[in-house]
Amino acid sequence: MKIILIGIQGAGKSTQGNMLSKKFKIPYLSTGHIFRQISKEHSPLGRYIKEVMNAGYLIPDDKTLEIVSEYLSRPEYEEGYILDGFPRTIQQAEKFSNGITKAVYLKVSDKEALWRLAGRSVTEKETRDDDTLKAIFKRIELFHKFTEPVLAHYRHHHKLVEVDGEKPIAEVFQEIVEKLA
Ligand code: AMP
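Okay, so let's go over this structure.

About the thresholds
Residues numbered from 1 in each chain as written. Predicted model: local features only at pLDDT ≥ 70, side-chain atom pairs only at ≥ 80, totals over all residues. Heavy atoms only, no water. Core = buried A, V, L, I, M, F, W, Y, C linked by side-chain atoms within 4.5 Å. Buried < 20%, exposed > 50% of the residue type's maximum accessible area, 1.4 Å probe, protein only. Contact = heavy atoms within 4.5 Å. 1 Å grid on protein atoms, 1.4 Å probe; cavity = no way out; pocket = protein on both sides within 12 Å on 5 of 7 lines; lining within 4 Å. Points joined across faces, edges and corners; volume = space filled by probe spheres on them. Helix = DSSP H or I, 4+ residues; strand = E, 2+ residues; numbered from the N terminus. Near = heavy atom within 4 Å. Polar contact = N/O pair within 3.5 Å; in protein donor to acceptor, adjacent residues only side chain to side chain. Areas by Shrake-Rupley, 256 points an atom, 1.4 Å probe, with all protein chains shown as cover. Nonpolar A, V, L, I, M, F, W, Y, C, P; charged D, E, K, R; others polar. Pairing = 2+ DSSP bridges. Phe/Tyr/Trp six-rings, centres within 6.5 Å; stacked < 30°, edge-to-face > 60°. Lys NZ or Arg CZ within 6 Å of the ring centre and 35° of its normal.

In terms of nonpolar packing, the biggest core is built from 47 residues, with I6, F96 and Y154 touching the most fellow members. Here F96 is in contact with I4, L65, V68, L72, Y81, L83, F86 and Y154, once residues within four sequence places are set aside.

Set out below in structure tokens:
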């Protein structure tokens, strides 16, 4: 089972992704997490990625595809995976030929996501360098501009599962599981 999670920052992708990973016993991976790891490296690539992420911009498609393909070719992802944060552009979706099972869209309004993110920054222990308000607004703007066409792409291929992400966590999870069955 190869599942993709799509949604704006704050939609609950990592929460639901980790729950789905446990239920279906397949690994969860997030491109945001992968890029944050690379951004810590003291290399030209690490510095470049850090700069792009901190501004809330997207890593170029070629670089993203190269890194994601390298990860997904590892044996632990052979049986399937829950992938959070990719594809985020139509070019990524079209060039990614990994035979995904379904793309799950966690639908949450910008207002609700911002509300959640404001709460998260106060309570979360692990803070992110790329979580400035300016970067969050940029990410939301880029979601509407570049990632919404990805939803249309998967809808067209009858792979899109849409879920109301504003409901309580357990209900959202239940709805995803039912719609994946
Ligand atoms: P996230 O944790 O998913 O919000 O991702 C954090 C940052 O990583 C984004 O703002 C981008 O700079 C970068 N990133 C993550 N996934 C992608 C992707 N599929 N394409 C381009 N950039 C990405």
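Still more ground to cover, so stick around.
This next bit is on the layout of surface pockets. What the largest pocket holds in volume is close to 1,200 Å³. Along the wall of the largest pocket there are 48 residues; nearest its centre are Q9, G32, R36, R120 and R128. Among the secondary structure elements, those contributing two or more residues to the lining of the largest pocket are β1 (2–6), α1 (13–24), β2 (28–30), α2 (31–39), α6 (110–123) and α7 (133–156). For the lining of the largest pocket, the leading source of residues is α7, giving six residues.

Another aspect to go through is the site of the ligand. Every one of the 16 residues lining the ligand counts as a neighbour, but T31, Y57, G85, Q92 and R139 are closest to it. Note that an oxygen atom of the ligand is positioned 2.5 Å from one of the backbone N or O atoms of Y57. Interatomic distance of 2.8 Å between a backbone N/O atom of G85 and a nitrogen atom of the ligand. Contact with the protein chains removes 97% of the 480 Å² of surface that the ligand exposes when unbound. In terms of residue count, the dominant contributor to the shell around the ligand is α2 (four residues). Each residue belonging to the shell around the ligand can be placed in one class, and the counts come to six nonpolar, five polar and five charged.

Another point: the pairing of strand β3 (residues 81–84). It is a general feature of regular strands that their side chains alternate between the two faces of the sheet. Burial along β3 is two-sided: the face carrying Y81 and L83 and the face carrying I82 and D84 are both buried. Sheet topology places β1 next to β3; four bridges connect them, and they run parallel. Across the sheet, the residue bridging to I3 is I82, located in β3. In this sheet, β3 lies alongside β2 in parallel orientation, the contact comprising three bridges. Within β3, the position partnered with L29 by the bridge is L83.

In total, this model carries two aromatic pairs according to the counting rule given. Judged by centre distance (6.4 Å) and plane angle (25°), the rings of Y105 and F143 are stacked. Placement of Y105 in strand β4 (residues 102–107) and of F143 in helix α7 is noted, with a sequence separation of 38 residues between them. According to the relative accessible area criterion, F143 is buried, its value standing at 6%. Between the NZ or CZ atom of R74 and the centre of the ring of Y71, over which it lies, the distance is 4.0 Å.

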